[in-house]
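The residues making up each chain are set out below.
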Amino acid sequence: MNKKERPNILFIITDQQRYDSLGCYGADWVKTPNLDGLARDGMMFKNCYANNTVCTPSRASIFTGKPVTSHGVYRLHDILPENEVLFTKYLHDAGYRTALFGKLHVSGRIYEAEHRHPNDGFDEYQWCMEPGIHMDSPLNGYSRWLKEINMDFYRELKEKGRKLKHIPVAYHFTHWAAEQAVRFIENSGNEQPFFCMMSVFDPHNPYDDYPEDMLEFIEEDGIPEPLTAGISIHDRPGSINREMNHSYLGSFDRYSLKDLMEMRKGYYASIALIDIEVGRVINALKARGPEENTLVIFTSDHGDMLGDHCLLVKGAFFYEPAVKVPLILKWPAMIKPGTEAEDSVQLNDLAATVLSAAGFDKNNEI
């Protein structure tokens, strides 16, 4: 396979997005026409599972293609060993032009704010873990962009961090990542295939940082209440009850149903913005020329309980809202539109999928 035959690859990954959060997965209370269209034109996986319910080990599995026990990243602040190789390094070495816009998080955030992994393989590396932290990191592309377009907003975000509510679209992390992806795609020629990674922080908490105008894209009255009816905390392992009382958002009991529904409203408003920005990137691909040989992948690193089973955010439990994620692939040259896959898959399968699509054999040779 020569360079011109290899597919361009657009990899879009969100953070903490549960499987039942898009219209094509049954969430008819949020408008997601662009991602629904991606599923309609490609393949939707109905049973995709994360390797871990915490960002760092899950993403280490995605990028190494290994289960957690093989790469050794078990906890949020663990560091991926330097001898591990991300699949993007193989793409880079085979002639792909590679770019990261947003979150990587294959190692702990403090480490990544100061270091790149020696085998990450990215030509363009615009990293940002989340808005409002590590804003002085020389690797933080989002911070540099904010300084250029609105220094006053940069200072406000740096001061308030996660306490800053309702970030306008024009300054939002998701919008920035899409802007950079669009620019990268528009500037890519036909002589060299590209791998573009748009990696956003949403719909991760805090749930109240969404632009307020995104509320017009959700039907608040249609958002289902958390699944708590019939849940007996006395009939399940004590470890799960400890998670219920000791999440990083505090004990579940401190939140009223109204509080939980506010979380859910913000969560889906953030997803509405993701869909709009993904639409912009997809349109850039269409404007670039024939899409036949472009592989688009959309997924998330794990889910969010949002109050289901009397649990918040994520943790050491494997209920489907935490471990099951959306996975959509579009590749017109290879995938029949409207395909639905029922078989179970895991996120670490993506590394081999991408490398195979790029022409690698089982020995990672091309």
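Look up: the structure comes first, before these words.
A. Broad picture of the environment of Lys362. Topologically, Lys362 is positioned in the segment after α12 (349-357). A C-alpha to C-alpha distance of 8.3 Å links Lys362 and Ala352, two positions 10 residues apart in sequence.

B. Quick look at unusual backbone geometry. Omega for the peptide link from Asp202 to Pro203 comes to 5°, which places this bond in the cis form. Its location among the elements puts Pro203 in strand β5 (residues 194-203). Omega for the bond connecting Asn205 with Pro206 falls within 30 degrees of zero, at 10°, which places this linkage in the cis form. Turning to its location among the elements, Pro206 is positioned in the loop between β5 and α9 (238-245). Positive phi is not limited to glycine here, since His134 has a value of about 50°. With respect to the secondary-structure elements, His134 resides in the loop between β4 (124-127) and α6 (141-149).

C. Structural view of the side chain of Asp15. As for its position among the elements, Asp15 is in strand β1 (residues 8-15). In this structure Asp15 comes out as buried when scored by relative accessible area, which is 0%.

D. Structural detail: the packing of aromatic side chains. According to the stated counting rule, one finds 17 aromatic pairs in the structure shown. Relative to Tyr268, the ring of Trp29 lies with its centre 5.7 Å away and its plane at 85°, an arrangement referred to as edge-to-face. One end of the pair, Trp29, is in the loop between β1 and α1 (33-41); the other, Tyr268, is in helix α10 (residues 257-288), with 239 residues separating them in the sequence. Tyr268 carries the same exposure label as Trp29, and that label is buried. An aromatic cluster of three or more residues is present, and its members are Phe11, Phe63, Phe87 and Phe195. The aromatic ring of Tyr125 is capped on one face by Arg116, whose charged end is 4.2 Å from the ring centroid. Lys324 extends its terminal NZ or CZ atom over the ring of Tyr19, reaching a point 4.5 Å from the ring centre.

E. Focus on the packing of helix α8 (residues 173-186) against α10. Viewed as axis vectors pointing N to C, α8 and α10 meet at an angle of 5°, and their least axial separation amounts to 9 Å. It follows from the interaxial angle that α8 and α10 lie roughly parallel. Facing Thr174, His175, Ala178, Glu179, Ala181, Val182 and Ile185 of α8, the residues of α10 in contact are Leu273, Ile274, Glu277, Arg280, Val281, Ala284, Leu285 and Arg288. Per-class residue counts for the contact of α8 with α10 are 9 nonpolar, 2 polar and 4 charged.

F. Quick look at the environment of Tyr154. Among the secondary structure elements, Tyr154 is positioned in helix α7 (residues 151-160). Along the sequence, Tyr154 and Pro131 sit 23 residues apart, while their C-alpha atoms lie 9.9 Å from each other. Leaving out residues up to four positions away in the same chain, Tyr154 has contacts with Met135, Asp136, Ser143, Leu146 and Lys147.

G. Local environment of the nonpolar core. Membership of the largest hydrophobic core comes to 72 residues, with the highest contact counts inside it found for Tyr142, Met198 and Tyr268. The leading source of residues in this core is α10, at 15 residues. Listed in part, the 47 residues of the second largest apolar core include Ile13, Phe87, Leu139 and Leu329.

What counts and how
Sequence order as written defines the numbering, with residues in each chain counted from 1. For this predicted model, a pLDDT threshold of at least 70 governs which residues receive local features, and a threshold of 80 or more governs which side-chain atom pairs are given and counted, while totals over whole chains, interfaces and linings are taken from all residues. Water and hydrogen atoms were dropped before computing side-chain values, which therefore reflect all heavy atoms in the structure. The helix count covers DSSP runs of H or I at least four residues long, the strand count covers runs of E at least two residues long, and both are numbered beginning at the N terminus. Buried residues are those whose accessible area, probed at 1.4 Å on protein chains only, stays under 20% of the maximum for their type, while exposed residues exceed 50% and partly exposed ones sit between those limits. Any Phe, Tyr or Trp ring, taking Trp's six-membered ring, that has another such ring centre within 6.5 Å forms a pair; planes under 30 degrees apart are called stacked, those over 60 apart edge-to-face, and the others tilted. Whether a charge sits over a ring depends on NZ of Lys or CZ of Arg being within 6 Å of the ring centre and within 35 degrees of the ring normal. Axis lines are fitted to C-alpha atoms, over the contacting stretch for helices. Their N-to-C directions set the angle, which ranges from 0 to 180 degrees. Put simply, angles under 35 degrees are roughly parallel, angles over 145 are roughly antiparallel, angles from 65 to 115 are roughly perpendicular, and the rest are oblique. Any two residues having at least one pair of non-hydrogen atoms within 4.5 Å are treated as being in contact. Charged means Asp, Glu, Lys or Arg here, nonpolar means Ala, Val, Leu, Ile, Met, Phe, Trp, Tyr, Cys or Pro, and polar covers whatever is left, Gly included. By convention a nonpolar core is built from buried Ala, Val, Leu, Ile, Met, Phe, Trp, Tyr and Cys residues, the set being connected through side-chain atoms within 4.5 Å.

Read these as layout, nothing more, since geometry by itself doesn't imply function.
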